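# Overview (structure and organization)
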Amino acid sequence: MRNLLRRQLLAFTSAMVLALGWSGTALAAAELTMYYPVAVGGPLTKVVDDLVADFHKEHPDIKVNAIYAGNYNDARIKALAALKSGQPAQLSVMFSIDIYELIEQDAIVAFDDIVSTEEEKQWLKSFYPSLMENGMTQSKVWGIPFQRSTIVMYYNKDAFRDAGLDPEKPPQNWNELASMGKQLVKKDASGNVERWGVMIPSTGYPYWMFGALTMQNGQVLMNNSGNQTYFDSPAVVEALTFWRDLGTKQGAMPSGTIEWGTLRQNFLEGKTAIMWHSTGNLTAVKKSASFDFGVAMLPASKRRGTPTGGGNFYIFKQTTPEERKAALTFIKWMTQPERTAEWSIATGYIGTRPDAYQTTKLVNYVTQFPPAAVARDQLQFATAELSTYQTGRVRKLLDDAIQSVLTGAKSPEEALGDAQGQADRLLRRYR
Amino acid sequence: MISSSTRTQVYGWLLLTPAAILLIAFTHYPTVATLAKSFFSTGTVTRPTKFVGAENYALMVTDEVFWKVVDNNIWYAIGTIPASIAIAILMALWVNSSISARGLVRMAYFTPTVLPMIAVANVWLFFYTPDIGLIDQVLGLFGIPGHNWLGDPDTVLGCIIVMTIWKEAGFFMIFYLAALQSLPPELNEAARIEGASRWYYFRRVTFPLLMPTTLFVLINAFINSFKLVDHLFILTKGGPDNASSLLLYYIYEVAFSFFDESYAATLTVVLLGVLAIISVGQFVLLDKRIHYR
Amino acid sequence: MSDASGQTRLGWIETGGAWLLALLWISPLLYAFWSAFHPAEFAVNFELLAPLTLENFKTAWNQAPFARYYLNTFILVTSILIAQFVLCTLAAFAFACFEFKGRELAFALVLLQLMIMPEVLIVENYTTMSHLGLVDTISGIGLPYMASAFGIFLLRQTFKTVPKELEEAARVEGCSTMQVLWKVYVPLARPTYLAYGLVSVSYHWNNFLWPLVITNSVETRPLTVGLAIFGAPESGVQWSIITAGTLLAVAPLLIAFLLFQRQFVQSFMQAGIK
């Protein structure tokens, strides 16, 4: 009698345990850790937290934990360290140009290997092609655009009026940039320059600014396999010569290097009439400008051009198939047109897909705030940011070459030739 | 029965052990490991590390940036060491005199020492900013045109040197002050009675007596000229075109921006070599000091 | 030339020179105060009657987690100091009072750290830390510094000056070796501990390169690294906010220095004489 009771008890408890365990697994289908490259407690943290909470409401079986890593560099370091230590994250937003480093460390998985349905495959193609360039190599998609920016030309309309130029007609091409830049220079009684015409920053991220000039001259800086650069092509040399001459020959720009960090301040203080800077400065300029200012597309040479910047979504390789599916669901949700529109309006990053700009929200926003339209319209002329294997080193080679030319230490041919030679040495083994 | 001598030995080593473990782990072992690592290639997941002999060194010798950086560091040392020592002596002499507001003056000289270099670098960035920066504004008052101090390869290293002297002189002043205050006052009296000029007194009496301090400060200054790179992170990041880069900064760049551990190890070996030469020099000089004392 | 007290009296040119130098030397701090307490428009314009404001401090405080940075720095500096006191006392005691084989060699090896500081070995130490799993931890920042050659050196000098009779007297009363250390040597070395403490706290409060390398999150970052990130934003510098942040970061040390100026100076002097 007792044995029977005991067996029944055993069966009952086993059934309970099984049932609980089963429902337990069903409840927590996936828990994802995501690294996000913004400062903890910064303004973007709240936006991302809200988005993550909203996602969980619609997908109660997926929980995303956002860990804020401060900036792109920290996010990459943390992510790689976590992978090594065996406590990996499943996805992350990281610098779009980290792609080759991540592939070399075998850290990420291509989206083509995760998508299965036709709808998902279509989704991969729904973004602006220029924004996809930094996320694609070996014909596969490794990064999905999320928070992206471009360079735009800010100009001081009051200064234009002061110099006798039409404030609604910013320079459209290189010739106009040089001539109007010269006209905008204002000197005081003793011949010292009070206001410069143009400032293109050459510290901080000179290669980024240079990417705009070279694209405008019709030349990309690297191939899309990450193992070839074109630093010494004639169009690139011409672009660097133009940049240097803006200062030394035309006198529209100070000669030597121009500091990235103080550029916005210089513009706001009226020290320069035109500045080339990231779309990320839009809100700050709008808030602090004490003058009438405008935003325009960068001027063309053979065509218009600007590099893109910013971060993409990546999925890590050390993940289970369920985790990958869950991460994919999250990323697709984050990049839906409506959400992309909200994100763009809240943060100032550009919309990453054409259908986002067709949502009512963004249509209204762009009508109210024309500079947002400028960034959007320039996207068709945009190109990838400089990215190769050994990307940090290669970038520095180009940065150094640019600075050596702008400070008059080397000629463009010499500097770029040297840089190309050294880049070739670095990249040879990846071919 | 354990003899007291053995007990002493064991006790001695036991007491030393905790400190020894940490010292070995973070000073002696890394030195050896760095040397070893410089003979291997940097490994990635897809390309594991392998022995490459002296290849890293060959690369280093052909690296333009490496020579620029070494050149910079030498000029940096030449620029900062004599000047900061001279100013430190001057400061110590002044603070040691009966000048009014002496406490305030001493505080002003010593303040840079208690401030982190990275914090003050931001202020110096403002000083050096063209046109709207303080230096250009002051120059403007005299009608002198401004200059792109940090953006001009010819002036940038000088600017870094000036900031370093500003940071270091007060620190060295303290050592000189201590030495001055330990000088017997009779010497001063004797000189006064004999009617010696202050410059003569300084040159023939004070300065030689300050020699031990000067040696100590010299070694410190040498080491610091290879160690102080904090301000580069804010002011120039080594630019333009490496005109202001220093060896330790380059090592940081190679290791943590380019992820090239082996090449960074190779560069570190050079830095260790320089420090080794300085320490040998110190031991030799100290030896002499002990002898004529 | 000298007055009655034997101190040199300076002519007015030299006095003026000394004051001018002092003014130059303090000018960065003066600018930081100016810029932090005035609205952004006056950061580069020096109009004497410009309005004062505390807005910059509020903004700076909200833009970066200074409270956390303070905590981290405080924990870091304190833990390093305690560890240094313990480790260096034991080691110095060994060097000063025990005769053991290889003592001279060991001491020379210890002194090596005066030349080859952890900053120089950032690459290899980072690798060691990642093997130990201590990357991005406060102990990871502190460990390389806890056995300080400078501290061992100072304490050894001090311990050597303690008269042997005191130790013998203590032993007669039945003290063990550790009790002798604790009851005789340590109390007599108090001035050295104070001096060394001040030097150590200053040094580690202001240390930048190694903490930069080893930390990458808010939970472990000390003030110096936080300030560097804070002051180098991607979009551009705002002087008033950055100087406000700078002042927030240096305030404790600065205030301590102003209050205890003499002790600071004495400590560094003492450390230097040795």
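Located above this text is the structure these notes cover.
Below is a short write-up of the structure.

This part covers the overall build of chain B. Along chain B, the regular secondary structure elements total 13 helices and 0 strands. Listing each helix as α and each strand as β along chain B from the N terminus yields α-α-α-α-α-α-α-α-α-α-α-α-α. Computed over the C-alpha atoms, the radius of gyration of chain B is 24 Å, more than 25% above the 19 Å expected from 2.2 N^0.38 for a compact globule of 293 residues. Seen through its C-alpha atoms, chain B measures out along the principal axes to roughly 80 × 75 × 30 Å. Entry remark: accessible area of chain B is about 12600 Å², with carbon and sulfur atoms responsible for 69%. Each charge sign in chain B was given a centre, from 17 positive and 18 negative side chains, and these centres are 14 Å apart.

What follows is about the environment of C:Val120. By the secondary structure assignment, C:Val120 is in the loop between helix 4 (103-115) and helix 5 (122-132). With 90 residues separating them along the chain, C:Val120 and C:Trp210 place their C-alpha atoms 9.1 Å apart.

Here we come to the interface of chain B and chain A. Tallying the contact residues gives 27 residues for chain B and 27 residues for chain A. For the pairing of chain B and chain A, the buried interface totals around 2300 Å² over both sides, and the portion due to carbon and sulfur atoms is 49%. Our count for the chain B to chain A interface comes out at 3 salt bridges. Across the pair B:Glu64 and A:Lys410 runs a salt bridge whose closest N-O atoms are separated by 3.7 Å.

Turning next to the pairing of strand 3 (residues 91-95) of chain A. Residue and element names in this part refer to chain A. With 5 of 5 residues buried, strand 3 lies mostly within the body of the structure. In this sheet, strand 3 lies alongside strand 1 (residues 30-36) in parallel orientation, the contact comprising 2 bridges. Looking at strand 3, one finds that Tyr-35 is bridged to Ser-92.

So, about helix 13 (residues 321-334) of chain A. Over its 14 residues, helix 13 of chain A runs 20 Å from end to end, which matches the ideal 20 Å to within 8%, given 1.5 Å per residue. Every buried residue of helix 13 of chain A is accounted for by A:Glu323, A:Ala326, A:Ala327, A:Leu328, A:Phe330, A:Ile331, A:Lys332, A:Trp333 and A:Met334.

This paragraph deals with the interface of chain B and chain C. With 93 residues of chain B at the interface, the matching set in chain C holds 91 residues. Across the interface of chain B and chain C, roughly 8300 Å² is buried in total on both sides, 75% from carbon and sulfur atoms. Taken together, the links from chain B to chain C amount to 2 salt bridges. One can count 9 residue pairs in polar contact (both at pLDDT 80 or more) joining chain B with chain C. With 21 residues, helix 1 (residues 4-37) of chain B is the single largest residue contributor to the side of chain B that touches chain C. When the residues that make up the side of chain B that touches chain C are grouped by side-chain class, the tally is 61 nonpolar, 23 polar and 9 charged.

Conventions used here
- Residues numbered from 1 in each chain as written.
- Chains lettered and ligands numbered in written order.
- Predicted model: local features only at pLDDT ≥ 70, side-chain atom pairs only at ≥ 80, totals over all residues.
- Heavy atoms only, no water.
- Helix = DSSP H or I, 4+ residues; strand = E, 2+ residues; numbered from the N terminus.
- Rg over C-alpha atoms; globule rule 2.2 N^0.38 Å.
- Areas by Shrake-Rupley, 256 points an atom, 1.4 Å probe, with all protein chains shown as cover.
- Lys, Arg positive; Asp, Glu negative; His and termini not counted.
- Charge placed at Lys NZ, Arg CZ, Asp CG, Glu CD.
- Contact = heavy atoms within 4.5 Å.
- Buried area = accessible area lost by both parts, 1.4 Å probe.
- Salt bridge = Lys/Arg side-chain N within 4 Å of Asp/Glu carboxyl O.
- Buried < 20%, exposed > 50% of the residue type's maximum accessible area, 1.4 Å probe, protein only.
- Pairing = 2+ DSSP bridges.
- Expected span 1.5 Å × (residues − 1).
- Polar contact = N/O pair within 3.5 Å; in protein donor to acceptor, adjacent residues only side chain to side chain.
- Nonpolar A, V, L, I, M, F, W, Y, C, P; charged D, E, K, R; others polar.

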